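Single-letter residue listing:
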Protein chains: 2
Amino acid sequence: MKISTKGRYGTRALLDVALRQNEGLVQLKDIAESQQISLHYLERIVALLVKKGFLTSTRGPAGGVALGRHPADIKISEVISVLEGSMAPVSCVDDPSTCSRAGFCATCDLWGEVKESMEGVLEAVTLQDLVERQQKKLESQPRINTHE
Amino acid sequence: MKISTKGRYGTRALLDVALRQNEGLVQLKDIAESQQISLHYLERIVALLVKKGFLTSTRGPAGGVALGRHPADIKISEVISVLEGSMAPVSCVDDPSTCSRAGFCATCDLWGEVKESMEGVLEAVTLQDLVERQQKKLESQPRINTHE
DNA sequence: CTATTGTTGACCTATTTAATCAAGATTATC
DNA sequence: GATAATCTTGATTAAATAGGTCAACAATAG
């Protein structure tokens, strides 16, 4: 039941951009450095986030990315959905036709409950919430800061 | 965020055995057939469940497996834990030393909440609960029954 | 003894993950 | 308009994991 690096890195990248909103465009290079992610791989992930409108990008010198929507309007469940696909632990939860026993299988129902539960958590948290949580953490531990 | 076949097949195998408790020993061959799982692969999975005491096994002719504990005493969270490992979506939730930013990372906390939420669902359901749910389903659809 | 059934170690293959590389497109600045 | 910085994208790849197979073995009822 692990989440992949795509979802993890992508969430962290969005949070990184959100934390630096007031600094204008953020370069992938800087995100890669502060988040300790390979730049090339980050490009892949950011491309997905740009395509879905979470980020906007500007090419050329002094270019970079910025939030495409207000952080309070970005639910983490949406981000994970884009990067990881459905949170259904088994495919028959989303599409009963993929399993011949779907209609009368007690375990399938249970996996559905697990999915609902996870989604509930991630739908209740926005990028703005993450920003605030992170800022609170940085205040209480001022020495540790990934952005310099 | 998918659960692997090990967890899925294992849960279904346990449920299968639980549903046939009154029939004495259940042979892997029969479980494999009714659950449509490769016998060889099922052996692998059952071996784990036997080692952890969820099942007991008897070799030889007319041998098979039986529940090692009362179904009401088997939480599905335990089963998944044995077959899939921790439900933590990222490893730093269980072991902060695996991530240099663990102590001051808002996303890590969020993954922790996801884990708690999933565990909450699976801790609240026992094998006995699954048996009852399944029996209720079979009653309402008497024609469809994997056990003849 | 023999047939049946579970056990185990070794092995294998396909898929997914997690990148990497290189060529290309865009644009600010000089 | 040349240049350099920056994002974009298709091709490729190495490593890990999932999922499964095989064969030799151990136990035991009859």
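To be clear, the structure that these remarks concern was listed above.
Criteria and cut-off values
- Residues numbered from 1 in each chain as written.
- Chains lettered and ligands numbered in written order.
- Predicted model: local features only at pLDDT ≥ 70, side-chain atom pairs only at ≥ 80, totals over all residues.
- Heavy atoms only, no water.
- Near = heavy atom within 4 Å.
- Polar contact = N/O pair within 3.5 Å; in protein donor to acceptor, adjacent residues only side chain to side chain.
- Helix = DSSP H or I, 4+ residues; strand = E, 2+ residues; numbered from the N terminus.
- Least-squares fit on C-alpha atoms with pLDDT ≥ 70 in both.
- Nonpolar A, V, L, I, M, F, W, Y, C, P; charged D, E, K, R; others polar.
- Contact = heavy atoms within 4.5 Å.
- Axes fitted to C-alpha atoms, helices over the stretch in contact; angles between N-to-C directions.
- Parallel < 35°, antiparallel > 145°, perpendicular 65-115°, else oblique.
- Buried area = accessible area lost by both parts, 1.4 Å probe.
- Salt bridge = Lys/Arg side-chain N within 4 Å of Asp/Glu carboxyl O.
- Pairing = 2+ DSSP bridges.

A. Representation of the protein's contact with DNA strand C in the model. Near DNA strand C lie 24 residues; those nearest to it are T5, S38 and R59 of chain A together with R44 and S57 of chain B. Those atoms of DNA strand C that come within 4 Å of the protein belong to sugar or phosphate at a rate of 59%. At a separation of 2.8 Å, a phosphate oxygen of DNA strand C approaches a polar side-chain atom of S38 of chain A. Here a base oxygen of DNA strand C sits 3.4 Å away from a polar atom, N or O, in the main chain of G60 of chain A. Only α1 (5-19) and α3 (39-51) of chain A together with α2 (28-35), α3 (39-51) and β1 (55-58) of chain B provide two or more residues apiece to the surface near DNA strand C.

B. Spatial organisation of the relation of the copies chain B and chain A. For the pair chain B and chain A, the relating rotation is 180 degrees, the translation along its axis is 0.0 Å, and the fit reaches an RMSD of 0.0 Å. Seen this way, the second copy is the image of the first under a two-fold rotation axis. Minimal C-alpha separation from the rotation axis in chain B is found for M1 of chain B, amounting to 2.5 Å.

C. Fine view of the protein's contact with DNA strand D. Q27, R44 and S57 of chain A together with T5 and S38 of chain B are the nearest of the 24 residues found near DNA strand D. Sugar plus phosphate: this is where 57% of the atoms of DNA strand D within 4 Å of the protein reside. Here a phosphate oxygen of DNA strand D sits 2.3 Å away from a polar atom, N or O, in the side chain of Q27 of chain A. Elements that contribute at least two residues to the surface near DNA strand D include exactly α2 (28-35), α3 and β1 (55-58) of chain A together with α1 (5-19) and α3 of chain B. Residue classes in the surface near DNA strand D are distributed as 7 nonpolar, 11 polar and 6 charged.

D. Structural detail: the environment of L67 of chain A. Residue and element names in this part refer to chain A. In this fold, L67 is placed in strand β2 (residues 64-67). Taking the C-alpha atoms as reference points, L67 and D129, separated by 62 residues in sequence, lie 15 Å from one another. Setting aside its immediate chain neighbours within four residues, L67 contacts L14, V17, A18, Q21, F54, L55, T56 and L127.

E. Main features of the packing of helix α6 (residues 127-140) of chain A against helix α5 (residues 106-123) of chain B. For the pair α6 of chain A and α5 of chain B, interaxial distance at closest approach is 9 Å and the crossing angle is 120 degrees. What the angle tells us is that α6 of chain A and α5 of chain B run oblique. For the pair α6 of chain A and α5 of chain B, contact is made by L130, R133, Q134 and K137 of chain A and by A106, T107, D109, L110 and E113 of chain B, respectively. Its residues placed into classes, the contact of α6 of chain A with α5 of chain B shows 3 nonpolar, 2 polar and 4 charged.

F. Spatial organisation of the interface of chain B and chain A. Contacts between the two partners involve 43 residues from chain B, matched on the other side by 43 residues from chain A. With both chains or domains summed, chain B and chain A bury close to 4,000 Å², and 63% of this area falls on carbon and sulfur atoms. For the chain B face of the interface with chain A, the top three residues by lost area are M1, R101 and F104 of chain B, together amounting to 20%. Where chain B touches chain A, the interface holds 4 salt bridges. For K137 of chain B, the salt bridge identified is with D109 of chain A, shortest N-O distance 3.0 Å. The interface formed by chain B and chain A includes 17 residue pairs in polar contact (both at pLDDT 80 or more). For the side of chain B that touches chain A, the secondary structure elements donating two or more residues are α1, α2, α4 (76-84), α5 and α6 (127-140) of chain B. Per-element accounting of the side of chain B that touches chain A gives the leading share, 11 residues, to α5 of chain B. Taken together, the residues of the side of chain B that touches chain A break down into 21 nonpolar, 13 polar and 9 charged.

G. Examining the pairing of β1 of chain A more closely. Residues and elements named next belong to chain A. Two strands pair when backbone bridges link them, and β1 and β2 are joined in this way by 4 bridges, in the antiparallel orientation. When the sheet's bridge partners are listed, T58 is paired in β2 with G64. Once β1 ends, the chain turns through 5 residues before running back antiparallel as β2, passing G60 with a positive phi of about 90 degrees.

That is the geometry; function is a separate question.
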